[in-house]
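Observations on chain architecture
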Amino acid sequence: MQVPFFEIQGVSKYFAKVIANKDISFSIQKGEVLALLGENGAGKSTIMKILYGLYRADEGKILMDGKEVKITCPKDAMKLGISMIQQHFSLVPAHTVTENIILGNVKGRIDHKKCHEDMKKLADTYGFDVPVDAKVSELDVGVQQKVEILKALYLNARLLIMDEPTAVLTPQESETLMQFVKSYTEKGNSVVFITHKLKEVMEVADRIIVMRNGRVSGNLKKEDTNETELSRLMIGKDLVQPEKDSGPMGDKAKVCLKVEGLTIEKKGEAPLLRDISFNIREGEIFGIAGVSGNGQEELCEAITGSLKPTAGHISLNGEDITGLTVRERIGKGIGYVPVDRHRDGMVMPMTVAENMMLKESFGSKWANHGFIDKKKLNACTQKAIEDYQIKAPGPDARAGGLSGGNQQKVILAREVSVGSELLILNQPTRGLDLGAINNIHTVVLEERKAGKSILLVSTELSEIFEMCDRIAVMYKGSFMGIYRSEELNTEKIGLLMAGYAQEKEAAGNE
Amino acid sequence: MNDKDKLKDLIITNFLAIAAGLILSGLMLMLLHINPFTVFGDALHTMFTDKYTMGDVLLKATPLIFTALAFAFTFKANLFNIGAQGQFYMGAIVAIAASLKMDGVVPTPVLLLIVVVLTFVAGGLIGALIGFLKARYNANEFLVSMMSTYVVQALMNYLLRTFLLETKGEYPQTDAISREAWIPTLIPGTRLHWGFVLAVLVAVGVWILLYKTTLGYRIRAVGSNASASEKSGIKSKKVFVIAFFISGALAGMAGFTEINGVQHMLIQDFNTSIGSSGLGIAILANANPIGIIFASILFGALGVIGNLMGRMPGLNIPSSIVDLMQGFVMIFVIVSYFLRAWMANRREKRRLQKVVEK
């Protein structure tokens, strides 16, 4: 057997309160695509950040071509030919593509012309269609990712680490990325692909390292395994998929939310929302698919009241709520799980109980003459902790100290109680592990059964197909059409997500 | 790590920080060829045995509690009111003007009650103005509040030369108010007045307001995460104005206790450092209202010790030793804050490593 390109031997990393990595050992061969599979918090990113020099290992060592190497900062890693593309890109938006790529790698006077031509050549070599003099801020995320890759190639990276690279891409863009990965590794280079998506792993990887709770729980060749086995290794148990029935009332149910001609447009700018119309019936899950940043968040916020539409109407149970404030709409029974729970959903330094009353600090639900009814609040929070299986020491635990999945459950518990009529979920399972996703899906389906109307925004197609009764695809602030979920498939939806309109088989939307 | 451990850590590190501050101050004294042990010993001895001096410690702590609360209150809303000095001046102006007007006209309790309300509102309005500028025009509250102090100070100086000028017309200061308008003495034989009790009650009140009421809840929520609060129907701009009003009002009340309780008149360059000291105390107490009471007493004590040392015959200890001691203590307390976080982090890591190895 050949000497592995890189070898990680017994690496451990401790953070305060968590063991991020314990005794991790595996190797990366030349010309290999290695998938690093695991749930959030399994330690995938941490071990790769150690290899890239962003973190220091507390124990263990790293070998390159059989010799031990010390990697203390990304610069060391780059010298050894390691490049890492972070989940959040590290590009300077105000600079051009060329400037971004040469950043940190040129000294003294910059020969712009030469750099420029180098970039063009480089992009052509790999068949990347990247405008090298465009500003990064003007590029789509998919192209920005290519810029990141070019940056790595410019440094002659021989090991490319990609952290959840497909999270921001359309299915078609993902396809292009996979092709690049194949052609890149054919030249003898290696790729580490960090992901929690089983499908991708089976598609692209030669070998799979499965991680769970900071340890390696499996090291398998793709040919020798299947999705079921991987999922078991990843979670440690079998998952029971929640069952979806045909819905309590189907087409005859009462319309709960009605949105007509909703538009948000600032003067001189492209509209954020363009003439959106749809309705949601009681007991229906209405899905919105699309690459994130195409107006989904604006749509949610227009319905919850924090963004004012420039045209159009929103009504709830026949009552026009377009002019109501956020607080009044909460009072009408609209619950909202925002996409960014850190920014919009929770107050991290506060306790779980305090977060439970965030939406209803006015009025008498939690208060007596302005004084907080701590007893009632704690009792309700304790009940939510039990009902939703939130892993928290108690109502007085700091919300910021919980794991992402448990934080999301706290928000969901609150919004289910607030949203007695309508529940708006913007990517409710983003970044969560399979166990938590399963939990959340079960809750949402139960709420559907109870007759609530649910608006589900998601970038995960599997989630959209699994949960929704009807699906709208959003692109640049417009709906590309509304479909029954059985009318669509991955390919069709992918084209719509990329903005290719097709013959609309008008359905569902009377 | 539970809360008990944290409290223990807090008390130990703060105690060490104070000790370190005093030791460093002692070293400074040694540079002046003064034996710090005898000097500190004497000063402490006097402080703890002399009723009058002890009373002065609490007397000095009183306005500091108010200005520290003022800073802490907006700090909880993630806002910075560093204009407590100006709000205190505004309170002082209103206190002296109202007291002079009503002196001998209305009975003492009524007068004091009216004055305390007026100072509260006066300081509060200055605060609310800052909050309004922040909310309406997105002005930087840090700068606006800082500059507001100079504006109020200029106003005070103007008034001291015109409408509030003493009858003699000699110095830029007001007439003294009569005993009728004084805050009654708390302990006979000392200068300590009921204003100290008021300060402690207000601190407890602020604590209740922040942690037990929905208004306080909203202020803290907006402070920690304005975006999430907005999405939850809380108008963060309104909260800014309210928080700044209360903050300014608290600082304004220091004007009441200082005028009616201690100075009994308004003079130029009156108590120039209680705003900045209050800021330091609030940080020292981690913006906790109850902690502020103790931190203020500590600062009062340091001030008194420094004064005692300055007055020691034949030693010529510069009076700036007060600032030096307070500064050193403050630095160490701030360092201890980071030390605590680092220690807690390391302990957790160790514990974890042990658990794994078992």
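Residues numbered from 1 in each chain as written. Chains lettered and ligands numbered in written order. Predicted model: local features only at pLDDT ≥ 70, side-chain atom pairs only at ≥ 80, totals over all residues.

1. Regarding the overall build of chain B
Cut-off, in case you're wondering: A helix here means a DSSP run of H or I that spans at least four residues, while a strand means a run of E at least two residues long, and both kinds are numbered starting from the N terminus. Based on C-alpha atoms, the radius of gyration is set beside the globule rule, defined as 2.2 Å times the residue count to the power 0.38. With C-beta atoms placed from the backbone, a residue is labelled by how many other C-beta atoms lie within 10 Å of its own: buried for 20 or more, exposed for 12 or fewer, partly exposed between the two. By the convention adopted here, residues are in contact when the distance between their C-beta atoms, placed from the backbone, does not exceed 7 Å.
Across its full length, chain B holds 13 helices and zero strands. Along chain B, helices and strands appear, N-terminal first, in the series α-α-α-α-α-α-α-α-α-α-α-α-α. The globule rule puts the C-alpha radius of gyration for 358 residues at 21 Å, and the 22 Å found for chain B is close to it. Taking the principal axes of its C-alpha atoms as reference, chain B extends roughly 80 × 65 × 35 Å. Counting every position in chain B, which comprises 358 residues, the buried fraction comes to 46%. A fraction of 78% describes how many contacts in chain B between residues 6 or more apart in sequence connect residues 24 or more apart.

2. Considering the overall build of chain A
Across its full length, chain A holds 17 helices and 22 strands. Burial analysis of chain A (510 residues in total) assigns 46% to the buried set.

3. Here we look at the sheet that holds strand S6 (residues 82-85) of chain A
Residue and element names in this part refer to chain A. The criterion, for reference: If DSSP finds at least two bridges between two strands, the strands pair. Axis geometry follows a simple rule: fit a line to the C-alpha atoms, using only the stretch in contact for helices, then measure angles between N-to-C directions, giving values from 0 to 180 degrees.
Reading across the sheet, the six strands line up as S6-S7-S8-S3-S9-S10 and stay open at both edges, with mixed pairing between neighbours. Each end of this open sheet is capped by a strand with a single partner; those strands are S6 and strand S10 (215-221). On average, each strand axis in the sheet is tilted by 15 degrees relative to the strand beside it, whichever way the strands run. Bridge count for S6 against strand S7 (residues 159-163) is four bridges, and the pairing is parallel. The residue of S7 that forms the bridge with Ser83 is Leu160. Across the face of the sheet, helix H1 (residues 44-51) comes into contact with strand S3 (33-38), S6, S7, strand S8 (190-195) and strand S9 (207-212) while running at roughly 150 degrees to S8.

4. Topic: the environment of Leu29(B)
Residue and element names in this part refer to chain B. Residue placement: Leu29 occurs in helix H1 (residues 3-31). By the C-beta count within 10 Å, which is 19 here, Leu29 ends up partly exposed. Between the C-alpha atom of Leu29 and that of Ile321, which follows or precedes it by 292 residues, the distance is 8.7 Å.

5. Examining the interface of chain B and chain A
Accessible area lost when the parts come together is the quantity often used to give the size of an interface. Our working rule: Here the term charged refers only to Asp, Glu, Lys and Arg, the term nonpolar to Ala, Val, Leu, Ile, Met, Phe, Trp, Tyr, Cys and Pro, and the term polar to all other amino acids, Gly among them.
With 22 residues of chain B at the interface, the matching set in chain A holds 26 residues. For the side of chain B that touches chain A, the secondary-structure elements that each account for two or more residues are helix H8 (214-224), helix H9 (226-231) and helix H13 (321-357) of chain B. Taken together, the residues of the side of chain B that touches chain A sort by class into seven nonpolar, nine polar and six charged.

6. Things to note about the sheet that holds strand S19 (residues 422-426) of chain A
Residue and element names in this part refer to chain A. Read from one edge of the open sheet, six strands run S16-S19-S20-S13-S21-S22, paired in mixed fashion. Edge strands, defined here as strands with exactly one partner in the open sheet, are strand S16 (334-337) and strand S22 (478-484). For this sheet, the mean angle separating the axes of adjacent strands, direction not counted, is 15 degrees. Relative to the sheet, helix H14 (residues 404-418) contacts S16 and S19, its axis offset from that of S16 by approximately 165 degrees. Helix H17 (residues 490-497) rests against strand S13 (285-289), strand S21 (470-475) and S22 of the sheet, and its axis sits at about 35 degrees to S21.

7. Description of the pairing of S13(A)
Residue and element names in this part refer to chain A. For S13, a buried count of five out of five residues is recorded, marking the element as mostly surrounded by other parts of the structure. Neither face of S13 is left uncovered, since the one carrying Ile285, Gly287 and Ala289 and the one carrying Phe286 and Ile288 both have all their residues buried. Two elements, S13 and strand S20 (residues 453-457), share four bridges in a ladder whose sense is parallel. Residue pairing in the sheet places Phe286 in a bridge with Leu455 of S20. Judged from the four bridges that link them, S13 and S21 form a sheet pairing that is parallel. Bridging across to S21, Phe286 finds its partner in Arg470.

8. Focus on the pairing of S22(A)
Residues and elements named next belong to chain A. Counting buried residues in S22 gives five out of seven residues, a clear majority hidden from the surface. Pairing of S21 with S22, which is carried by five bridges, proceeds in the antiparallel orientation. If you follow Ile471 over to S22, its bridge partner there is Tyr483. In this antiparallel pair of consecutive strands, S21 and S22, the connection spans two residues, and Lys476 shows a positive phi of 45 degrees.

9. Digging into unusual backbone geometry
If a residue is not glycine, its phi is most likely negative; likewise, a peptide bond is most likely trans. Residue and element names in this part refer to chain B. Notably, His264 is not glycine yet its phi reads approximately 60 degrees, a positive angle. Tracing the sequence through the fold places His264 in the loop between helix H10 (236-263) and helix H11 (274-284). His264 gets classed as partly exposed once you count the C-beta atoms within 10 Å, which come to 19. The phi angle at Asp269 is positive, at roughly 50 degrees, despite the residue not being glycine. Along the chain, Asp269 falls in the loop between H10 and H11.

10. Looking at helix H8 (residues 227-235) of chain A
Residue and element names in this part refer to chain A. Keep this limit in mind: Arc definition: directions from the helix axis to the C-beta atoms.
Those residues of H8 that fall on the buried side of the exposure criterion are Leu230, Leu233 and Met234. Mapping the buried residues of H8 onto a view down its axis gives an arc of 100 degrees, with all of them on the same face. After H8 finishes, the residue Gly236 shows a positive phi value of roughly 90 degrees.

11. What about the domain arrangement of chain A?
All names here are of chain A. As a reminder, the rule being used: Domain ranges listed in this record stem from an automatic or a database domain assignment.
Domain boundaries in chain A define domain 1 (6-235) and domain 2 (281-308 + 321-497). A C-alpha centroid distance of 32 Å is found between domain 1 and domain 2. Domain 1 puts ten residues into the contact, and the matching count from domain 2 is twelve residues. If you list the elements that add at least two residues to the side of domain 1 that touches domain 2, you get helix H6 (171-186) and H8. No other element matches the three residues that H8 contributes to the side of domain 1 that touches domain 2.

12. A short note on the packing of helix H7 (residues 195-212) of chain B against H8(B)
All names here are of chain B. Stated precisely, the cut-off is as follows: Roughly parallel refers to an angle under 35 degrees, roughly antiparallel to one over 145, roughly perpendicular to one between 65 and 115, and oblique to any angle outside these ranges.
Contact geometry of H7 with H8 gives a least axis separation of 5 Å together with a crossing angle of 75 degrees. In terms of orientation, H7 and H8 fall into the roughly perpendicular class. Along its contact with H7, which presents Leu209, Leu210, Tyr211 and Lys212, the element H8 presents Leu215, Gly216, Ile219 and Arg220.

13. Section: the packing of H8(B) against H10(B)
Residue and element names in this part refer to chain B. Counted only if it meets this: In this scheme the crossing of two helices becomes right-handed for a clockwise turn of the near helix relative to the far one and left-handed for an anticlockwise turn of less than a right angle.
Contact pair H8 / H10: the axes reach a minimum separation of 10 Å and the direction vectors enclose 115 degrees. Taken together, the axis directions place H8 and H10 in an arrangement best described as roughly perpendicular. In this structure, the crossing between H8 and H10 has a hand that is left-handed. Contacts between H8 and H10 involve Arg218, Ile219 and Val222 from the former and Ser236, Val239 and Ala243 from the latter.

14. Points about the confidence of the model for chain B
Stated precisely, the cut-off is as follows: Every residue is assigned a pLDDT by the predictor, reflecting its confidence on a scale from 0 to 100.
Of the residues in chain B, 98% have a pLDDT of 70 or more, and the chain-wide mean is 90. Reported confidences for the modelled complex are a pTM of 0.78 and an ipTM of 0.82.

15. Focus on the environment of Leu201(B)
Mapped onto the secondary structure, Leu201(B) falls in helix H7. It is 10.0 Å that separates the C-alpha atoms of Leu201(B) and Ile293(B), two residues lying 92 residues apart in sequence.

16. Notes on the confidence of the model for chain A
With 96% of its residues at a pLDDT of 70 or more, chain A has an overall mean of 87. Across residues 504-510 of chain A, where pLDDT falls below 50, the model places twelve contacts with residues more than four positions away in sequence or in other chains.

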